[in-house]
Amino acid sequence: MYGIGILKGLMVTAKNLVRKPVTIQYPEERVPQASRFRGQEFVWYVDRCTGCASCAKFCPLGIIRIETDPNGGNEQDGGTYRVDVFDIDQGRCMYCGMCVEACPYDALHMGSNFEAAQYRRQDLVINVEVLKAREKHPSTWYRPQLEREKFDPFEGESKEWQDAGREKPFWHPQRPEMLPDEGDTRPTADGEYK
Amino acid sequence: MTTAVSGSDLAEVLGQRLFHSVTNSDAGAAWVTPEALLDVCRFLHDDRAQAYDLLSSVTAVDYVEFFDVVYHLTSIARNAATVLKVRLYGRDAPTVASVTSVWAGADLQEREIYDLLGVTFTGHPNLKRMLTWEGFQGHPLRRDYLEPPLPYTWPHGG
Amino acid sequence: MSPLKDNSIFSWTYELVADTLGGPEWLAYGLGALAVIMVVVNGFLLIGTIFTWMERKVVGRFQSRVGPNRVGPFGILQAVADAVKLLFQEDIVPRRADRLLFNAAPIVMLAPSLLALAVIPFGAGSYVADLNIGVLYVVAMSGIASLAVLIAGYASGNKLALLGSMRAVAMLLSYEIPLVMALLGITILAGSMSMVDIIAAQSVPFVLVSPLGALIFLIAMSAELNRPPFDVTEAESELVAGYLTEYSGMKFGVFYLAEFSNVVLAGALFAILFLDGWEWAILPSHLWFLIKVFGFLFVASWVRATLPRMRIDQILTFAWKYLFPLSLVNVLALAVETIAWPDPSGLQLWIMVAINWAIAAAAIPLLSLVVHLGEPARAGRRIPLSEEVF
Amino acid sequence: MHTQPVIVNIGPHHPSTHGVFRMRLTMDGENILDVEPVIGYLHRGSEKLAEERHYTQVITLTDRMDYVASMTNNQAYVLSCEQLTGITPPDRGMYLRVIAAELQRVVSHLVATGFFLQDLGAFATPLMYAMRERERVLDLFEMLCGARITVSYMRIGGVFQDAPGEFWPALRRILDEFPAFIDELEDLISDNEIVLSRTQGVSVITGADAVNASITGPVLRASGVSWDLRKAAPYDVYDRVSFDVPLGEHGDNYDRYIIRIREIRESLKIVEQCVAQIEPGPVRATTAMLFRPPVGESYVPIEAPKGELGFYLVSDGSIAPYRMHARAPSLINLTLLKQMLVGWKLSDAIVSFGSIDVNMGEVDR
């Protein structure tokens with residue numbers, strides 16, 4: 001009463017006057033992002049992708065367009081589907097991450113960028129070439145394996161496709177460089193367990 | 001924990017007081033006739049043993065052959081909840097009495113249903129379109145609603 | 001009554017034209033006067049502009065923000081950037097506006113505050129005119145600003161603007177009276193309405209001698225200036241921008257500048273009437289004056305950053321039921337004291353200080369009790385601490 | 001003197017209509033004679049969109065209904081889905097949900113309080129303070145799920161993933177530092193004479209009126225009706241934590257404000273207990289992203305920050321809901337708007353509207 005409450009309020013603002021302001025001067029400094037940040041620059045590993053289009057099916061907005069071509073050779077011998085078209089319309093994307101969650105082979109990851117502004121809407125559509133060429137800095141969203149190894153999408157190096165998945169890839173006769181690890185219990189090329 | 005009063009229990013209660021008001025009931029809900037709805041609601045609201053004083057939610061579902069108007073009732077005093085439904089046949093002008101005289105909270109919700117599903121509530125004080133604009137054609141939440149092909153213009157804007 | 005002759009800027013220009021260049025005397029007199037006006041008006045508007053920047057900066061800091069900091073060092077050129085932006089903005093006159101009045105309003109707003117400058121002494125010997133009715137003149141001029149608000153609101157042809165300007169007029173009518181009463185107390189004390197005489201009379205600053213007067217002056221002035229908590233005329237959350245709603249471009253800029261200049265003017269008035277004007281030790285008089293004015297401005301920003309807005313009926317009730325009786329008490333006390341000691345010596349002045357502070361300390365709570373000020377509209381605040389349910 | 005009433009449109013573009021609400025006020029000078037709320041400017045047809053998306057995808061739609069309280073929207077929706085399918089989430093998942101939901105309540109109440117005081121004309125200072133603290137909670141959300149506002153954190157059968165390691169110390173810090181901030185906010189505002197005179201006794205809703213008009217949440221409790229679904233129908237793990245339900249007595253604007261402040265404190269208490277009780281384990285029941293629930297319907301009301309929020313789901317056995325209806329507390333709390341405003345002044349109208357704390361995303365859906 002009698003203005004005491006007002007004086008109390010004035011004291012609170014005075015206290016805040018001498019505090020450090022919380023403003024972050026955006027272009028020069030940035031808010032520290034969490035490693036799970038769901039952002040632009042989707043990371044896509046062509047070597048992991050089978051072209052199953054799960055991501056497209058699970059996108060709530062239907063903004064992923066995939067066209068595949070089964071002419072990579074005989075599937076029995078390891079010939080895979082070739083992904084001809086992989087368009088993600090970032091202009092309509094809401095970065096919910098359903099596509100990443102749906103991907104059964106950990107081929108698609110969220111990125112961490114948030115600044116991909118363009119002058120035209122069609123420039124926001126990223127296509128397969130862009131996705132292939134991009135630096136691979138996957139966000140750890142829905143990727144517990146990256147989180148376990150404390151992968152930092154902002155500082156860390158570009159991630160190879162072999163290391164991005166939840167499991168080591170199968171050894172394959174057409175890819176002899178991928179020898180199974182010691183103690184790996186998965187079948188070898190002959191279909192036998194080690 | 002809120003007691004969920006099953007539809008059959010509710011039907012039993014209603015059957016004792018308001019004859020022929022209940023058409024059907026199952027574990028989830030009790031269906032009453034459109035004519036009896038207002039009496040049923042008044043009874044459920046006023047009766048000491050029922051005391052459904054809070055109308056949680058009113059909504060409607062379009063089952064193509066008929067509409068179900070769904071009332072979720074809650075009794076704060078008894079901490080009980082139940083579901084009441086009214087089945088309206090016909091797609092042209094499904095009509096049911098408004099319960100705004102019993103629960104004022106039905107006001108905006110009934111307007112929304114009228115707007116989006118085209119169920120008319122007789123006795124509603126201000127039954128106008130709410131989410132869409134005046135002059136909007138059709139009721140968008142009906143299963144057979146089709147957006148007019150582009151480009152289209154509406155009488156008022158858009 | 002001819003202080004121009006003593007003015008250094010005037011005499012320098014006069015001598016330059018009349019003696020060095022050999023021009024006619026009327027020209028030298030005219031140019032000399034013009035030079036004084038140029039310096040005073042532009043200096044004043046510059047301070048007003050600096051205050052627009054300062055307030056944003058200070059309020060920003062009060063709110064844990066940084067405030068403008070991009071244009072120039074510490075963002076000090078922000079006001080310039082805003083002015084440039086406003087200059088390039090499209091000048092819109094609404095179709096339903098009264099064109100003539102709509103265009104006239106900003107000028108009516110800015111002109112009186114510049115006119116009032118004439119009697120403000122900015123430092124020892126630095127004033128345009130020493131009117132013997134200086135205080136009355138300033139009050140008369142500051143009243144015109146509210147007329148401009150009314151014109152702007154009416155001419156905009158906008159309901160929100162009209163509401164805002166109606167509020168402004170209601171507030172002006174109510175707060176002019178306590179304001180004048182507060183100044184009356186000063187006049188009684190100083191025995192003169194001339195600004196220079198008032199400063200000379202303050203061997204003890206009047207803020208100490210007449211604390212009630214200072215308080216009433218501050219409150220009434222913030223109402224006159226539409227500053228929080230009395231900013232109902234602009235009331236951003238209610239009336240969008242009040243009477244400014246339809247203004248854009250430089251017309252808006254003039255309004256904005258006038259508003260802030262008026263605050264600077266109020267600060268100058270407060271410094272003169274209550275803080276002993278330019279006088280104090282060590283520093284040059286102009287600097288002291290500036291420091292006092294900016295102290296006032298800082299407090300104004302502080303209040304703005306803290307207080308919510310009052311409702312218009314509460315504002316009027318406050319003025320009539322509380323501030324007006326309080327100002328009567330103030331005038332009465334000062335008048336009685338002046339009769340007792342017509343020409344108070346140093347000690348007598350200090351006794352007056354003690355008496356007046358005691359009166360203030362008694363009158364404020366007593367009056368609050370009588371008019372139930374600050375008490376809630378309902379009895380007590382009985383929010384029970386929570387309880388377990390079910 | 002005979003004067004003509006004047007009709008003033010407040011909104012849809014107005015600084016204090018919390019989005020795109022529009023009030024058509026009939027006024028006699030400053031006094032309000034009649035109010036007609038006009039809504040629908042943000043109608044996006046979420047309910048129709050949900051009919052074409054499968055159950056998991058709908059979670060992203062619920063984020064966008066009440067966009068300052070996405071977590072609770074998620075929670076209401078997944079609880080309804082769980083009732084439909086009969087899935088029970090594991091304990092840790094439920095605890096994480098409650099922690100997230102209570103933090104969200106803190107955020108929502110902070111925003112409500114900040115904007116309420118902004119409507120009072122406090123020149124953004126309380127709002128800035130509220131936003132400053134809100135950011136810190138949103139940082140936690142970013143750690144949890146990679147997004148700050150549209151979180152999509154919860155899944156049918158739990159939450160999408162366990163909280164990362166850095167979440168717990170950060171949460172601890174918030175829990176330690178928040179009470180001091182709430183005290184500061186109260187110092188700034190709660191005893192301020194201007195706030196008291198502006199809000200106390202203004203726009204009173206009686207308990208009986210509030211119940212009859214289906215008003216729920218803090219607005220109902222400010223009117224003195226003790227009805228909190230966290231107590232009345234405990235979902236997730238609310239039956240394992242103890243907390244109080246703050247009640248108002250007068251049902252005026254001030255009570256609606258102070259109730260929210262007190263609820264923030266209670267929410268922090270709940271989070272505190274959850275942190276103490278939570279144990280390691282799975283966070284998500286084994287569910288497919290794409291599933292077909294049995295034919296049936298479900299409605300699980302929860303105590304969202306704004307009131308009773310429930311999703312009425314009708315399943316026809318397909319992958320997408322046959323009908324989804326959101327019982328939006330923001331919309332239904334507007335029922336009594338006219339009664340609240342008529343007879344008061346324009347300034348009160350703004351403040352009373354702010355005190356209901358509506359979110360236009362939820363009103364229009």
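Notes on the structure in this doc start here. In this text the structure is predicted, and so the values were computed from the model without any measurement.

Description of the pairing of strand S9 (residues 323-327) of chain D
All names here are of chain D. Within S9, 5 of the 5 residues are buried, leaving the element largely enclosed by the surrounding structure. Of the two faces of S9, the one lined by Arg323, His325 and Arg327 and the one lined by Met324 and Ala326 are each fully buried. Here strand S8 (residues 307-315) runs beside S9; their pairing, made up of 5 bridges, is antiparallel. Residue Tyr312 lies in a different strand from S9, and its bridge partner there is His325.

Description of the interface of chain B and chain D
In this complex, chain B contributes 41 residues to the contact, which on the side of chain D involves 35 residues. Summing both sides of the interface, chain B and chain D together bury roughly 3000 Å²; the carbon and sulfur share of this comes to 55%. Counting across the interface, chain B meets chain D through 4 salt bridges. When the shortest N-O distance is used, the salt bridge between Glu297(D) and Lys85(B) registers 2.4 Å. Summed over the shared surface of chain B and chain D, the number is 18 residue pairs in polar contact (both at pLDDT 80 or more). Among the elements that make up the side of chain B that touches chain D, the one with the highest residue count is strand S4 (residues 54-62) of chain B (9 residues). Grouping the constituent residues of the side of chain B that touches chain D by class yields 22 nonpolar, 11 polar and 8 charged.

What about the nonpolar core?
Judged by nonpolar contacts, the single largest core of 113 residues is most densely connected at Phe42(A), Phe86(A), Tyr77(D) and Tyr153(D). Of all the elements, helix H4 (residues 91-119) of chain D adds the most residues to this core, at 14 residues. In this view, Tyr153(D) contacts Met71(D), Asn74(D), Leu96(D), Ala100(D), Leu144(D), Cys145(D), Val159(D), Phe160(D) and Gln161(D); residues no more than four positions away in its chain are not counted. By size, the runner-up hydrophobic cluster in this structure holds 107 residues, among which are Val17(C), Met195(C), Ala266(C) and Leu307(C).

Thoughts on the side chain of Ser301(C)
Residues and elements named next belong to chain C. You can see Ser301 is positioned in helix H12 (residues 285-306). Given a relative accessible area of 0%, Ser301 falls into the buried group. The contacts of Ser301, once residues within four sequence positions are left out, are Phe51, Met54, Glu55, Val58, Val59, Phe62 and Arg227.

A short note on empty space enclosed by the protein
Residues and elements named next belong to chain C. Considering all chains together, one arrives at 9 cavities of 30 Å³ or more under this definition. In this structure, the largest cavity encloses a volume near 140 Å³. Around the largest cavity, the lining is made up of 13 residues, and of these Ser142, Ala145, Glu224, Leu225 and Asn262 lie nearest the centre. Listed by contribution, the elements that provide at least two residues to the lining of the largest cavity are helix H5 (134-155), helix H9 (211-224) and helix H11 (249-274).

Examining the pattern of salt bridges
Per the stated rule, a full pass over the model turns up 55 salt bridges over all chains. Here Arg87(B) ties to Asp68(B) by a salt bridge, and the two come within 3.1 Å at their closest N and O atoms. Taken together, the residues Arg87(B) in strand S6 (residues 80-89) and Asp68(B) in strand S5 (residues 66-75) connect sequence positions 19 residues apart. Looking at Arg87(B), the relative accessible area reads 24%, which means it is partly exposed. Residue Lys269(D) is joined to Asp244(D) by a salt bridge in which the shortest nitrogen-to-oxygen separation is 3.8 Å. Of this pair, Lys269(D) sits in helix H11 (residues 253-277) while Asp244(D) sits in the loop between helix H10 (229-232) and H11; the two residues are 25 residues apart in sequence, bridging distant segments of the chain. Residue classification places Asp244(D) among the buried positions, given a relative accessible area of 18%. Residues joined by salt bridges that share partners form a network here, namely Glu102(D), Arg105(D), Arg221(D), Asp228(D), Arg230(D), Glu263(D) and Glu303(D).

Remarks on the packing of aromatic side chains
All told, the structure shown has 36 aromatic pairs over all chains when counted by the stated rule. Ring centres 6.0 Å apart and planes at 65 degrees place the aromatic pair Trp320(C) and Phe324(C) in the edge-to-face group. Remark: Phe324(C) and Trp320(C) occur in helix H13 (residues 312-340); sequence separation between them is 4 residues, near one turn of the helix. Residue classification places Trp320(C) among the partly exposed residues on the basis of a relative accessible area of 40%. Classification of Phe324(C) as partly exposed rests on a relative accessible area of 26%. These aromatic residues form a ring-pair network of at least three members: Trp141(A), Tyr142(A), Tyr153(D) and Phe160(D). Note that Lys136(A) overlies the ring of Tyr45(A), its terminal NZ or CZ placed 5.7 Å from the centroid. For Arg143(B), the ring lying beneath its charged end belongs to Tyr322(D), and the centroid distance is 4.2 Å.

Concerning the arrangement of the chains
Take the 4 pairs of chains in contact: the one carrying the most contacts is chains C and D. A gap remains between chain A and chain B, which never touch, and the nearest two C-alpha atoms on either side lie 18 Å apart. No part of chain B reaches chain C; the closest C-alpha pair between them is 9 Å apart.

Thoughts on the environment of Pro205(C)
Within the fold, Pro205(C) resides in the loop between helix H7 (195-201) and helix H8 (206-209). Taking the C-alpha atoms as reference points, Pro205(C) and Leu275(C), 70 residues apart in sequence, are found 5.2 Å from one another.

A closer look at the interface of chain C and chain D
Listed as interface residues are 42 residues of chain C and, on the opposing side, 57 residues of chain D. Note on chain C versus chain D: buried area summed over both sides is about 4300 Å², and carbon and sulfur give 56% of it. Where Asp348(D) meets Arg311(C), a salt bridge forms, and the shortest distance between an N and an O atom there is 2.8 Å.

Side note on a nonpolar patch on the surface
Residues and elements named next belong to chain C. A cluster of nonpolar side chains, contributed by Ile9, Trp26, Leu27, Leu31, Leu34, Ile37, Met38 and Val39, occupies part of the molecular surface with about 760 Å² of accessible area. Considering each element in turn, the nonpolar patch owes the most residues, 7 residues, to helix H2 (residues 25-62). Among the structural elements, Trp26 can be located in helix H2.

Focus: the pairing of S5(B)
Residues and elements named next belong to chain B. The element S5 is extensively covered by neighbouring structure, given that 10 of its 10 residues are classed as buried. Side-chain alternation along S5 places Phe66, Asp68, Val70, His72 and Thr74 on one buried face and Phe67, Val69, Tyr71, Leu73 and Ser75 on a second face that is also buried. When S4 meets S5, the two strands line up antiparallel, connected through 8 bridges. Bridging across to S5, Ser57 finds its partner in His72. Linking two consecutive strands that pair antiparallel, namely S4 and S5, is a turn of 3 residues; a positive phi of about 70 degrees is found at Val64 within it. Of the pairings in the sheet, the one linking S5 to S6 comprises 10 bridges and is antiparallel in character. Across the sheet, Asp68 pairs through a bridge with Arg87, a residue of S6.

Notes on the packing of H9(C) against H11(C)
How two helices pack is summed up by the angle between their axes together with the distance between the axes. All names here are of chain C. The contact between H9 and H11 brings their axes to 11 Å, and the two run at 170 degrees. Viewed along their axes, H9 and H11 adopt a mutual orientation that is roughly antiparallel. Of the residues in H11, those touching H9 at Gly213, Ala214, Phe217, Leu218 and Met221 are Ala266, Leu269, Phe270, Leu273 and Phe274. Here the contact of H9 with H11 is composed, by residue class, of 9 nonpolar, 1 polar and no charged.

Reading guide: rules and limits
Residues numbered from 1 in each chain as written. Chains lettered and ligands numbered in written order. Predicted model: local features only at pLDDT ≥ 70, side-chain atom pairs only at ≥ 80, totals over all residues. Heavy atoms only, no water. Buried < 20%, exposed > 50% of the residue type's maximum accessible area, 1.4 Å probe, protein only. Helix = DSSP H or I, 4+ residues; strand = E, 2+ residues; numbered from the N terminus. Pairing = 2+ DSSP bridges. Contact = heavy atoms within 4.5 Å. Buried area = accessible area lost by both parts, 1.4 Å probe. Salt bridge = Lys/Arg side-chain N within 4 Å of Asp/Glu carboxyl O. Polar contact = N/O pair within 3.5 Å; in protein donor to acceptor, adjacent residues only side chain to side chain. Nonpolar A, V, L, I, M, F, W, Y, C, P; charged D, E, K, R; others polar. Core = buried A, V, L, I, M, F, W, Y, C linked by side-chain atoms within 4.5 Å. 1 Å grid on protein atoms, 1.4 Å probe; cavity = no way out; pocket = protein on both sides within 12 Å on 5 of 7 lines; lining within 4 Å. Points joined across faces, edges and corners; volume = space filled by probe spheres on them. Phe/Tyr/Trp six-rings, centres within 6.5 Å; stacked < 30°, edge-to-face > 60°. Lys NZ or Arg CZ within 6 Å of the ring centre and 35° of its normal. Patch = residues over 30% accessible without salt bridge, like charges linked within 9 Å, V, L, I, M, F, W, Y side chains within 5 Å. Areas by Shrake-Rupley, 256 points an atom, 1.4 Å probe, with all protein chains shown as cover. Axes fitted to C-alpha atoms, helices over the stretch in contact; angles between N-to-C directions. Parallel < 35°, antiparallel > 145°, perpendicular 65-115°, else oblique.

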